[in-house]
Amino acid sequence: MTNPGGHFSSLVAQPALAGRRVPVTVLTGFLGSGKTTLLNQLLCEPSLDGVAVIVNEFGAVGIDHDLIAETHDDTVLLANGCLCCAVRGDLVEALNRLAARQDRPLRHVLIETSGLADPGPIVRTLMGDAAVRAQFVLAGVLCTADAVLAMGTLDRHPEAVRQLAFADHLLLTKTDLLDGAPPSPALLQRLRDINATAPLHDDRGDQLRLLSTLVRRAADTGADAGVVEAPFYRGPAASDTGSGMGTADEASHRDGIRSFVIVRDTPLPRDAFAAWLDMVIAMRGEDLLRVKGLVQLADAPDRPMVIHGVQHLFAPPTLLPAWPGPDRRTRIVFITRGVDAQALEDTLDVLLRRHMRRPAATAAPPTEAAP
Ligand SMILES: Nc1nc2c(ncn2[C@@H]2O[C@H](COP(=O)(O)OP(=O)(O)OP(=O)(O)O)[C@@H](O)[C@H]2O)c(=O)[nH]1
């Protein structure tokens, strides 16, 4: 893959992957939190031709596969292990097989993880395996949380915390079991503490519309640009009061997993930014559970650079043709274990200041360099 030596700056120079890549949506969530139920409801919709489903189950007998296959015949089962460990090779193989098939066009892949899977390695496989990355692109990670049981589950199972921390969207399930009462404020706060940036959807209709839109929009556009914009890069959570320049929002959790967003409203010099990320990866790569963001570069301010990382592993960044919305600020979401957000901000400031002090000729962006 990408940066075995941990040098993000070397990736900046790589050309973007050519051609169409098939978007992949990962549906995760703790055991019994309602993934299969949701997926089955989605798959009842007409015209989902070309949407393949990969189901991973922990255990030798795959029940989910049968349940899903009832409504959808394009389903692959990876049983007897957790996608995050034992069957990762099987995932690569299944994806490669889907990519190679000739009989039906493939438009989208939905992966339902086992309820115990750590989504990190799965996302890493999608970004890190060269053959997979040439054919597929991660469209988003969705995580279900049980409105009744999630509090206890989160207390007992760190896997459930990691699944939520990774998600781009949180889907609260089983709200119908609350007898008309709203979801517990304590649970909502807990979810926010774990993942401050992912929108929370507690209405089944909304959840299905979101999934359906993801699958269809990505299927229509096919290419990377359609995939990365919407679900990932939200501004600070509405309840947070960010300072525009500094850490916009931050949430900590007693498991040490914390998410925060670095926001910058002036464009960043490409080399200073890359040098900063190199340093962050080298110093704290292990603890960067997930990094994703849009960066406004000084030399290409109209084309946001998309970055994706999981621990030491970063995908080559891509430039979108345009900003997906009116907000053109740099926004980088960090999901980390024990990383001090302020320290990260400070090191970025130091590198930017150092860059400013460099002689003008070296500091000038490539497009404006003197001939
Ligand atoms: N009342 C109610 N029950 C639900 C809902 N979603 C799921 N369930 C039930 O919860 C149980 C578990 O649902 P699944 O969809 O199998 O959960 P899962 O996340 O796929 O479970 P694993 O595959 O074990 O990880 C099943 O009995 C479902 O019928 C919901 O929104 N409301």
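Quick caveat, the model's predicted, so the values are computed rather than measured.

### Thoughts on the overall build of the protein
And then number 1: Check the secondary structure of the protein and you find 14 helices and 14 strands.
And then number 2: Burial statistics for the protein: of 371 residues in total, 46% are counted as buried.
And then number 3: Partitioning the intrachain contacts of the protein with sequence separation of at least 6 by distance along the chain shows that 75% fall at a separation of at least 24.

### Some remarks on the pairing of strand S14 (residues 330–337)
And then number 1: Taking burial as the measure, the eight residues of S14 include seven buried ones, the bulk of the element.
And then number 2: Strand direction decides the pairing type here: strand S10 (residues 288–297) and S14, joined by six bridges, are antiparallel. Within S14, the residue paired with Leu 288 across the bridge is Thr 336.

### So, the site of the ligand
And then number 1: Taken together, 14 residues sit near the ligand, with Gly 34, Lys 35, Thr 36, Thr 37 and Gly 115 positioned nearest.
And then number 2: Looking at the shell around the ligand element by element, the count peaks at three residues for helix H2 (residues 35–43).
And then number 3: Among the residues making up the shell around the ligand, the classes are represented as two nonpolar, eight polar and four charged.

### As for the packing of helix H5 (residues 119–128) against helix H8 (residues 158–166)
And then number 1: Orientation of H5 relative to H8, taken along the N-to-C sense of each, is 40 degrees, at an axis distance of 9 Å. Taken together, the axis directions place H5 and H8 in an arrangement best described as oblique. When H5 is examined against H8, the residues Pro 119, Gly 120 and Val 123 are found in contact with a partner set consisting of Arg 162, Gln 163 and Phe 166.
And then number 2: Across the contact of H5 with H8, the residue classes tally to three nonpolar, two polar and one charged.

### Some points on the pairing of strand S4 (residues 108–112)
And then number 1: Burial within S4 is extensive, with five of its five residues counted as buried.
And then number 2: Of the two faces of S4, both are covered, the one formed by His 108, Leu 110 and Glu 112 as well as the one formed by Val 109 and Ile 111.
And then number 3: Inspection of the sheet shows strand S1 (residues 22–29) paired to S4 by four bridges, in the parallel sense. The residue bridging Thr 25 from the neighbouring strand is Leu 110, located in S4.
And then number 4: Sheet analysis places strand S2 (residues 51–56) next to S4, joined by five bridges and oriented parallel. Residue pairing in the sheet places Val 51 in a bridge with His 108 of S4.

### Examining helix H13 (residues 341–357)
Owing to its 3.6 residues per turn, the α-helix brings residues three or four apart onto one side.
And then number 1: In this model, H13 (17 residues) spans 25 Å end to end at C-alpha, consistent with the 24 Å of a helix rising 1.5 Å per residue.
And then number 2: Looking at H13, one finds that the buried residues are Ala 341, Leu 344, Leu 348 and Leu 351. For H13, the angular spread of buried residues about the axis comes to 95 degrees, placing them on one side. Exposed positions of H13 whose direction lies more than 90 degrees from the buried face are Gln 342, Ala 343, Asp 346, Arg 353, Arg 354, Met 356 and Arg 357.

### Some thoughts on the confidence of the model for the protein
And then number 1: Averaged over the protein, the pLDDT score is 76; the fraction of residues at 70 or greater is 73%.
And then number 2: Below pLDDT 50 for its whole length, residues 220–254 participates in 76 contacts with residues either more than four positions away or in separate chains.
And then number 3: In the model output, the complex is listed with pTM 0.68 alongside ipTM 0.99.

### Here we look at the nonpolar core
And then number 1: Among the nonpolar cores identified, the biggest contains 87 residues, and Val 24, Val 109, Val 123, Cys 143, Leu 164 and Leu 170 are the most heavily contacted of them.
And then number 2: Here this core gets eight residues from one element, more than from any other, and that element is strand S5 (residues 136–146).
And then number 3: Domain assignment of the residues forming this core places at least three in each of domain 1 (20–228) and domain 2 (247–359).
And then number 4: When sequence neighbours within four positions are dropped, the list of residues in contact with Val 123 reads Val 26, Leu 138, Val 141, Phe 166 and Val 310.

### As for the environment of His 201
And then number 1: Relative to the assigned elements, His 201 resides in strand S7 (residues 200–201).
And then number 2: Overall, His 201 belongs to the buried group, with 20 C-beta atoms counted inside 10 Å.
And then number 3: Residues His 201 and His 169, spaced 32 residues apart in sequence, show a C-alpha to C-alpha distance of 7.5 Å.
And then number 4: In contact with His 201, other than residues within four places in its own chain, are His 169, Leu 170, Leu 171, Leu 172, Asp 206, Gln 207 and Leu 210.

Parameters at a glance
Residues numbered from 1 in each chain as written. Predicted model: local features only at pLDDT ≥ 70, side-chain atom pairs only at ≥ 80, totals over all residues. Helix = DSSP H or I, 4+ residues; strand = E, 2+ residues; numbered from the N terminus. Buried ≥ 20, exposed ≤ 12 C-beta atoms within 10 Å, placed from the backbone. Contact = placed C-beta atoms within 7 Å. Pairing = 2+ DSSP bridges. Near = placed C-beta within 6 Å. Nonpolar A, V, L, I, M, F, W, Y, C, P; charged D, E, K, R; others polar. Axes fitted to C-alpha atoms, helices over the stretch in contact; angles between N-to-C directions. Parallel < 35°, antiparallel > 145°, perpendicular 65-115°, else oblique. Expected span 1.5 Å × (residues − 1). Arc of directions from axis to C-beta. pLDDT = per-residue confidence, 0-100. Core = buried A, V, L, I, M, F, W, Y, C linked by C-beta atoms within 7 Å. Domains from an automatic or database assignment.

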